[in-house]
Structure formats: structure tokens, C-alpha cells
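Structural characterization, general
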Amino acid sequence: MSISSERPVSAGQIYAALAALAAEPAADPEKRPEGPQEEDRLHLLGSLLAKTELEITAATRLTEEEEIEDVLETLLGWGEQVGADPGLAINVLTNRLQRTALQVSEPEAEELPPGREAAFAAVMTAVYTLSAQWHAEQGDTEGTRHALSGAEEALIDILQGIHDLRVAIGDGPGPETEADS
């Protein structure tokens, strides 16, 4: 499930878009005296994505009734850019979910709190399930099995994380109590 851009934007174009939004990252003239380079492209795209997500969040009304209308409106704009290719949509969604999973997991943390662990597993369940469906549609039984195994493991991690969080707040039996049963 990979894609390539018909007209990839350059690091300079992305930097110009960020500058137009007053969101360009601070440049280190000693490190990059000639400005942004192509190896900066993904970092700059991440900055542009963050700026876009922050703008969407700021523009989304926070009432349950109106919020869904705002989300649907942004989804319409998203769909216009992605088009009618379901494989491309799955690829973009999977990529977004993987970024979300990494953000939820706090990569610098040695151990995640149980709620974050469960949330990470929930996102990964979606990644694996979308992947399984895509492989199934391609007739790839082995790829489907592999993705389903990942989804099942992630589901177990969700339940464990939820249980651990319940134990942490005193709503469930801890390991000592369970061993006595």
C-alpha cells in the first residue's frame, strides 16, 4: 500500500507555505545557510500538517451538534484532495493512524500509563484491521492473517490496559486478589 505524488512539493515550497501561514520553523543559518534542503522535506511536511491540524481544531466548534458538521466539512475537503481511490484513502488513513499511535505512545517514555497503553493499542487495532481488509480485498490470505494476528494482539492489549487502569483507580481486583480466586 504505497503511493507516490504526481507532483511532489519541494522543501522550498513547503517552507514557503509555512512562511505564508507565519509558522515557518526557526532556521539555523549555521546549519543550513542556503535555507531548507530536500532532506528537510518530511520535517517541514510534519510542521505543515501540525499547523493544519491546529487550524482545524481551532475552527471546529465544541458543541456535539455543530462539531460533527465541522468535521464533515473538513472531511469533504479531504475527500476532494484524495479522490475516489479507496486504496489511496486507506493508505492515507493508515499513515495518519500510525502517526497518532506514535504520538499517543510517548516514544521517550520508558513505560506508558495503562490508559495510554490501551489507547495506543486501540489505534494499532484500527491500523491492523484496515490492513487486514486491504489484504483480503487483494486476495492476499497470508497478509490478511498476519494483519489479523496483529489486530488480535492489540485487542488483548486494549483490554489489559483498561483493566490495569481500573485497578489503578480501585475499581478492579489487583494481581494479588486475582491470584486468590
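Before any of the text, the structure's been laid out above.
Please read all numbers here as calculations on a predicted model, not as lab measurements.

**Remarks on the overall build of the protein**
A tally of helices and strands in the protein yields 7 helices and 0 strands. Reading the protein from its N end, one meets helices and strands in the order α-α-α-α-α-α-α. For 181 residues, the compact-globule estimate of 2.2 N^0.38 gives 16 Å, and the protein exceeds it by more than 25% at 21 Å. In terms of principal-axis extent, the alpha carbons of the protein reach across some 65 × 40 × 40 Å.

**Some words on unusual backbone geometry**
A positive phi is found at alanine 22, a non-glycine position, where the angle reads about 55 degrees. Residue classification places alanine 22 among the exposed residues on the basis of a relative accessible area of 67%.

**Focus on helix 6 (residues 141-168)**
For helix 6, spanning 28 residues, the distance from its first C-alpha to its last is 40 Å, which sits close to the expected 40 Å at 1.5 Å a residue. Three or more residues of helix 6 are buried, namely Gly143, Thr144, Ala147, Gly150, Ala151, Ala154, Ile158 and Gly161. Each element contacted by the buried residues of helix 6 is listed here: helix 5 (114-137). Of the residues one or two after helix 6, glycine 170 is the one with positive phi, at around 85 degrees.

**Comments concerning the pattern of salt bridges**
Scanning the entire structure with this criterion turns up 7 salt bridges. Note that glutamate 66 is salt-bridged to arginine 61, the shortest N-O span being 3.8 Å. Using a relative accessible area of 34% as the deciding quantity, one classes arginine 61 as partly exposed. A cluster of three or more residues bridged by salt bridges with shared partners is formed by Arg61, Glu66, Glu69 and Asp70.

**Some remarks on helix 3 (residues 64-82)**
With 19 residues, helix 3 extends 27 Å between its outermost C-alpha atoms, agreeing within 8% with the 27 Å of an ideal straight helix rising 1.5 Å per residue. Positive backbone phi, approximately 90 degrees, marks glycine 83, located one or two places after helix 3.

**Observations regarding a nonpolar patch on the surface**
Taken together, Ile68, Val71, Leu72 and Leu75 make up a surface patch of nonpolar side chains, about 350 Å² in accessible area. Its place among the elements puts leucine 72 in helix 3.

**What about the packing of helix 4 (residues 86-105) against helix 5?**
The geometry of a pair of packed helices is captured by two quantities: the angle between their axes and the separation between those axes. Where helix 4 meets helix 5, the axes come as close as 9 Å, and the angle between the chain directions of the two elements is 160 degrees. Here helix 4 lies roughly antiparallel to helix 5, going by the angle between them. For helix 4 against helix 5, the interelement crossing comes out left-handed. Within the contact between the two elements, helix 4 uses Gly87, Ile90, Leu93, Thr94, Leu97, Gln98, Thr100, Ala101, Gln103, Val104 and Ser105 and helix 5 uses Arg116, Ala119, Phe120, Val123, Met124, Ala126, Val127, Leu130 and Trp134. Classifying every residue of the contact of helix 4 with helix 5 gives 13 nonpolar, 6 polar and 1 charged.

**What about the nonpolar core?**
Within the largest apolar cluster, 5 residues are counted, these being Ala101, Val123, Met124, Val127 and Ala154. Among the elements that make up this core, the one with the highest residue count is helix 5 (3 residues).

**Thoughts on the side chain of aspartate 70**
Counting through the fold element by element, aspartate 70 comes out in helix 3. Contact partners of aspartate 70, with chain neighbours within four places excluded, come to Ala59, Thr60 and Arg61.

**Overview of the environment of valine 167**
In this fold, valine 167 is placed in helix 6. You can call valine 167 partly exposed: its relative accessible area is 26%. Each C-alpha atom of the pair valine 167 and proline 114 lies 9.8 Å from the other, and the pair is 53 residues apart in sequence.

**Describing the packing of helix 5 against helix 6**
In the contact formed by helix 5 and helix 6, the axes pass within 7 Å of each other and the chain directions differ by 160 degrees. By the criterion of interaxial angle, the relationship of helix 5 to helix 6 is roughly antiparallel. The handedness of the crossing between helix 5 and helix 6 comes out as left-handed. Looking at the contact of helix 5 with helix 6 residue by residue, the class counts come to 16 nonpolar, 9 polar and 2 charged.

Conventions adopted
- Residues numbered from 1 in each chain as written.
- Predicted model: local features only at pLDDT ≥ 70, side-chain atom pairs only at ≥ 80, totals over all residues.
- Heavy atoms only, no water.
- Helix = DSSP H or I, 4+ residues; strand = E, 2+ residues; numbered from the N terminus.
- Rg over C-alpha atoms; globule rule 2.2 N^0.38 Å.
- Buried < 20%, exposed > 50% of the residue type's maximum accessible area, 1.4 Å probe, protein only.
- Expected span 1.5 Å × (residues − 1).
- Contact = heavy atoms within 4.5 Å.
- Salt bridge = Lys/Arg side-chain N within 4 Å of Asp/Glu carboxyl O.
- Patch = residues over 30% accessible without salt bridge, like charges linked within 9 Å, V, L, I, M, F, W, Y side chains within 5 Å.
- Areas by Shrake-Rupley, 256 points an atom, 1.4 Å probe, with all protein chains shown as cover.
- Axes fitted to C-alpha atoms, helices over the stretch in contact; angles between N-to-C directions.
- Parallel < 35°, antiparallel > 145°, perpendicular 65-115°, else oblique.
- Left-handed = near helix turned anticlockwise from the far one by under 90°.
- Nonpolar A, V, L, I, M, F, W, Y, C, P; charged D, E, K, R; others polar.
- Core = buried A, V, L, I, M, F, W, Y, C linked by side-chain atoms within 4.5 Å.

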